[in-house]
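# Structural characterization, general
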Amino acid sequence: MKAVHFGAGNIGRGFIGKVLHDNGYAVTFADVNTEIIDALNKDHEYTVHISEENGASYKISGVNGVHTANDPDQLSEAVSQADIITTAVGVNILPIIAKTLAPHLANRQTDKPLNIIACENAVLATDTLKTAIFSEVNETLPSNVGFPNSAVDRIVPIQKNDNILDVKVEPFFEWVIEKNSWVGEDTLAGVNYVEDLMPYIERKLFTVNTGHAGIAYYGKTLGYTTVSEAMDDEKVVSYLKQVLEETTLYLTHNYDFTEVEQKQYIEKIIARFKNPYLSDDLDRVGRGVLRKLSPNDRIVKPLVYLHNQNMDHSALSKLVMFALQFNNSDDPEQIEMKQRIEEAGVKGFLSEHSQLDDKLIEEIRSSI
Ligand SMILES: NC(=O)c1ccc[n+]([C@@H]2O[C@H](COP(=O)([O-])OP(=O)(O)OC[C@H]3O[C@@H](n4cnc5c(N)ncnc54)[C@H](O)[C@@H]3O)[C@@H](O)[C@H]2O)c1
Ligand SMILES: O=P(O)(O)OC[C@@H](O)[C@@H](O)[C@H](O)[C@H](O)CO
């Protein structure tokens with residue numbers, strides 16, 4: 001069984017690559033990072049370390065790399081043989097992956113089942129990839145290609161290891177995949193297949209990721225650098241809980257989760273954020289601030305819903321203000337946000353970028 005995974009980064013190597021390897025797949029990582037590709041083709045293996053007391057280490061072997069721009073023939077060969085193609089590149093990169101992948105898919109000379117799955121922090125990211133691929137190939141692809149959406153959860157910080165391929169990850173992981181869009185009989189062990197993905201993806205995005213954003217943007221305003229430093233401050237924990245109480249309102253109103261189930265889910269997540277064996281930078285967690293302030297993402301979507309329903313949304317309003325103060329010159333989106341705010345003002349920016357109405361913008365501006 002063969003897999004091609006686009007994005008040999010933290011989630012690619014530390015989560016998706018490991019699950020595929022554990023299921024007996026030979027994984028070809030496709031990336032634009034020459035150093036990582038060269039290392040994969042030299043060592044053909046790396047180690048995943050679990051960040052907990054006496055954490056285990058797992059060898060991931062039989063892997064190789066292709067450079068998406070420099071090795072088109074090898075990529076074409078890998079795509080032609082693949083049983084599964086996954087991505088973990090960032091949702092904004094999916095149109096680029098579609099352009100790279102589409103011609104190779106169109107050339108596939110086989111009808112054996114192929115599942116293509118985007119593993120990104122966004123609602124229905126595989127649909128985004130599918131639409132972009134179809135527009136590249138004039139709506140025609142070989143039959144037996146499935147495009148299941150998925151939700152992925154495992155905290156994998158930026159890595160600082162001696163071996164550039166090794167990855168330290170938290171113990172917890174969850175990969176949920178849409179059952180009905182999956183083609184073929186060979187499902188993956190260690191994955192939860194569900195009929196309706198929306199409750200799972202929104203629960204994950206609006207709990208783990210909204211909470212994470214709260215810690216990052218508030219934590220940065222207090223001068224902290226890492227999640228664990230911020231989580232040592234009771235002010236941050238108390239604010240995080242307020243944020244998650246508000247997103248719980250959104251989730252229990254829209255889906256069948258009970259308040260008790262959501263409370264247990266939140267407790268587990270707070271313990272994950274406090275993991276003392278994991279060092280995660282607030283700059284990583286807050287990266288992509290324009291994406292995080294977009295209308296369907298982790299802050300604005302629950303905020304607008306609660307505002308429209310006249311339900312408490314004061315912590316989420318503050319979260320927008322903290323995000324606007326995000327100061328990270330390594331994040332190109334933060335630099336762009338700053339420029340756009342200079343040009344249009346806070347009101348103009350939130351109205352145009354986050355599509356918020358004047359009343360909500362006024363509330364946000366007076367929230368802190
Ligand atoms: N790190 C986490 O905790 C985590 C958890 C769940 C989901 N995610 C999601 O997974 C995705 C990847 O996150 P990450 O933390 O692994 O990021 P990362 O930066 O570590 O990895 C992204 C990889 O994509 C590669 N890439 C960029 N452009 C490319 C292109 N055009 N073609 C091929 N490869 C390209 C980069 O070189 C990099 O190796 C994001 O959508 C993120 O939201 C991350
Ligand atoms: O990857 P982002 O930028 O969408 O979000 C940052 C973090 O919240 C995220 O990477 C989490 O660590 C991850 O989603 C946990 O499953």
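As annotated in an unreviewed UniProt entry, the protein chain carries the name Mannitol-1-phosphate 5-dehydrogenase and comes from Salinicoccus sesuvii. Under Sequence similarities (unreviewed entry), UniProt gives the following word-for-word description of the protein chain: "Belongs to the mannitol dehydrogenase family."

## So, the sheet that holds strand E8 (residues 145-146)
The six strands are arranged E5-E2-E1-E6-E7-E8 in an open sheet whose pairing can be described as parallel. At either margin of the open sheet sits one strand with a lone partner, and together these are strand E5 (64-67) and E8. Here strand E7 (residues 114-118) runs beside E8; their pairing, made up of two bridges, is parallel. When the sheet's bridge partners are listed, Asn115 is paired in E8 with Gly146.

## Structural notes on the site of ligand 1
As a structural note, the neighbourhood of ligand 1 is formed by 25 residues, with Gly7, Gly9, Ile11, Glu120 and Asn121 the closest of them. Put simply, the parts of the chain that give the shell around ligand 1 at least two residues each are helix H1 (10-22), strand E2 (26-31) and helix H4 (94-106). Here the shell around ligand 1 takes three residues from H1, the largest share from any one element.

## Some points on the packing of helix H6 (residues 198-221) against helix H9 (residues 259-273)
One can describe the packing of H6 onto H9 by two numbers: an axis separation of 11 Å at closest approach and a directional angle of 45°. Comparing their axes, H9 and H6 come out oblique. Considering the relative orientation of H6 and H9, their crossing is right-handed. Seen from H6, the contacting residues are Thr207, Val208, Gly211 and Ile215; seen from H9, they are Tyr265, Ile266, Ile269 and Phe273. Looking at the contact of H6 with H9 residue by residue, the class counts come to six nonpolar, two polar and no charged.

## Remarks on unusual backbone geometry
Positive phi is not limited to glycine here, since Asn54 has a value of about 50°. If you trace the backbone, Asn54 turns up in the loop between strand E3 (45-50) and strand E4 (57-61). One non-glycine residue, Gln355, lies in positive phi territory at about 55°. With respect to the helices, strands and loops of the structure, Gln355 is situated in the loop between helix H14 (332-352) and helix H15 (358-365).

## A few points about helix H12 (residues 300-308)
All of the buried residues along H12 are Val300, Lys301, Pro302, Leu303, Val304 and Leu306. Where H12 is buried, its residues meet H6, helix H8 (234-254) and helix H13 (314-324). The positive-phi residue at the C-terminal boundary of H12 is Asn310, with phi of around 55°.

## A word on the site of ligand 2
Lining the immediate surroundings of ligand 2 are Asn121, Asp153, Arg154, Ile155, Val208, Asn209, His212, Val285, Arg287 and Gly288. Per-element tally for the shell around ligand 2: the top contributor is H6, with three residues. The residue makeup of the shell around ligand 2, split by class, is three nonpolar, four polar and three charged. Looking at the shell around ligand 2, you find at least three residues from each of domain 1 (2-194) and domain 2 (198-365).

About the criteria used
- Residues numbered from 1 in each chain as written.
- Chains lettered and ligands numbered in written order.
- Predicted model: local features only at pLDDT ≥ 70, side-chain atom pairs only at ≥ 80, totals over all residues.
- UniProt positions renumbered as here; feature names shortened; annotations may be inferred.
- Pairing = 2+ DSSP bridges.
- Helix = DSSP H or I, 4+ residues; strand = E, 2+ residues; numbered from the N terminus.
- Near = placed C-beta within 6 Å.
- Axes fitted to C-alpha atoms, helices over the stretch in contact; angles between N-to-C directions.
- Parallel < 35°, antiparallel > 145°, perpendicular 65-115°, else oblique.
- Left-handed = near helix turned anticlockwise from the far one by under 90°.
- Contact = placed C-beta atoms within 7 Å.
- Nonpolar A, V, L, I, M, F, W, Y, C, P; charged D, E, K, R; others polar.
- Buried ≥ 20, exposed ≤ 12 C-beta atoms within 10 Å, placed from the backbone.
- Domains from an automatic or database assignment.

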